[in-house]
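Residue-level structural notes
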Amino acid sequence: MTSQKTQPITLKIAVVGDVHDQWEVEDGIALKHLGVDLVLFVGDFGNESVEVVKAIASLDIPKAAVMGNHDAWYTATEWGRKKCPYDRSKEDWVQEQLDLLGSAHVGYGKLDFPDWNLTVVGGRPFTWGGSEWRFADICKERYGVTSPEESAAKITAAVKSAATDTIIFLGHNGPSGLGDRPEDPCGKDWHPIGGDFGDPDFAEAISQTLTAGKTIPLVTFGHMHHSLRHTKKELRKAIFRSPEGIIYLNAASVPRIVENDSQKLRNFSLVTLEAGVVTQAALVWVGNDLQVVSEEILYERSHSVVQPA
């Protein structure tokens, strides 16, 4: 008889795309009802929305998160500082968010889940996206990072400190190298149209992780919304499978809560991980009764045996 220790582990992982202040008590209830084992948040909770982060931090499910550019909106941008709704000499909402999340915030860090033989490693926190070194002040002041090269090294250092050899990468923006069309997972969809707006430091850290012999089943992120600015005829490509078999998932289906025929629908990306391999990724919409109203299968591994529901 096969022992429990030798049986392959199957995990259901929820990825919550850019929140942008759309988080309610019902979201936590829905995640419990979906039976997820782990929740990953790609950031942009709101414009330094401490209350939203407080609610998410209280979620009683294993979780990891990384901060987005909007999570430092009043601190890291000149125009944001001009419109800042609080006295920055007396309060620091960015730090309040980080304190609330505690070890769940993996930006430039990691969170080990040894029972699952899994480590979540975070990319650069507060990233704006693209090859230009934006938000330089906050990177230098809070993390001592002054260049993309130093950023890649810091992410890679987190990988080296991981307790396991299976790494899930969690970023706000995705890595470069996933295509330069505006419809690609990190493609530039504003004028001038086209170009790869992925983060090169993130891509470099992923490359170094593979070179080190680690396994990467999933890289997930947001920032680049599925709805495109230059066309309404199609949505951004949400999934990319690399030649190495890595699944890259853009989870930024925004708005993540919509009203439809008097029903409120909320979306989550669900990833099934079997024995360290992604076998399915889907975008689901959950209705008022906590039932899945619609499901879009974004990826399904061929020749895999999917367990019955």
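Above this text sits the structure in question.
Heads up: these notes are all about the structure in this document.

Calculation rules
Residues numbered from 1 in each chain as written. Predicted model: local features only at pLDDT ≥ 70, side-chain atom pairs only at ≥ 80, totals over all residues. Heavy atoms only, no water. Axes fitted to C-alpha atoms, helices over the stretch in contact; angles between N-to-C directions. Helix = DSSP H or I, 4+ residues; strand = E, 2+ residues; numbered from the N terminus. Parallel < 35°, antiparallel > 145°, perpendicular 65-115°, else oblique. Left-handed = near helix turned anticlockwise from the far one by under 90°. Contact = heavy atoms within 4.5 Å. Buried < 20%, exposed > 50% of the residue type's maximum accessible area, 1.4 Å probe, protein only. Arc of directions from axis to C-beta. Expected span 1.5 Å × (residues − 1). Pairing = 2+ DSSP bridges.

**A short note on the packing of helix α5 (residues 93–101) against helix α6 (residues 136–143)**
Taken N-terminus to C-terminus, the directions of α5 and α6 make an angle of 55 degrees; their axes are 13 Å apart at the nearest point. Taken together, the axes of α5 and α6 are oblique relative to one another. For α5 against α6, the interelement crossing comes out right-handed. Contacts between α5 and α6 involve V94, Q95 and L98 from the first element and I138, R142 and Y143 from the second.

**What about helix α1 (residues 25–34)?**
Listed in full, the buried residues belonging to α1 are D27, G28, A30, L31 and L34. When α1 is viewed along its axis, its buried side chains cluster within an angular range of 160 degrees and face the same direction. Among the structural elements, β1 (10–16), β2 (38–41), β10 (257–260), β11 (263–274), β12 (277–286) and β13 (292–300) are those in contact with the buried residues of α1. Directly after α1, the chain includes G35, whose backbone phi takes a positive value near 70 degrees.

**Some details on helix α8 (residues 200–211)**
For an α-helix the count is 3.6 residues per turn, leaving residues at separations of three or four pointing the same way. End to end, α8 covers 16 Å across 12 residues, agreeing with the expected 16 Å (1.5 Å per residue, within 8%). For α8, the set of buried residues is D201, F202, A203, A205, I206 and T209. On its buried side, α8 packs onto α7 (148–160), β6 (166–170), β7 (215–221) and β9 (247–250). Directly beyond the C-terminal end of α8, a positive phi value near 85 degrees is found at G213.

**Points about the pairing of strand β4 (residues 110–113)**
Burial along β4 is one-sided: the face carrying L111 and F113 is buried and the face carrying K110 and D112 is not. Two successive antiparallel strands, β4 and strand β5 (residues 118–122), enclose a turn made up of four residues, where N117 displays a positive phi of approximately 55 degrees.

**Quick word on the sheet that holds β9**
Across the sheet, which stays open at both edges, the six strands sit in the order β4-β5-β6-β7-β9-β8 with mixed pairing between neighbours. In this open sheet, the two strands that pair with only one neighbour each are β4 and β8 (239–241). Each strand axis lies, on average, 15 degrees off the axis of its neighbour in the sheet, ignoring direction. Where α7 meets the sheet, its contacts fall on β4, β5 and β6, and the angle it forms with β5 comes to roughly 165 degrees. Its contacts with the sheet put α8 on β6, β7 and β9, and the angle it makes with β6 is roughly 175 degrees.

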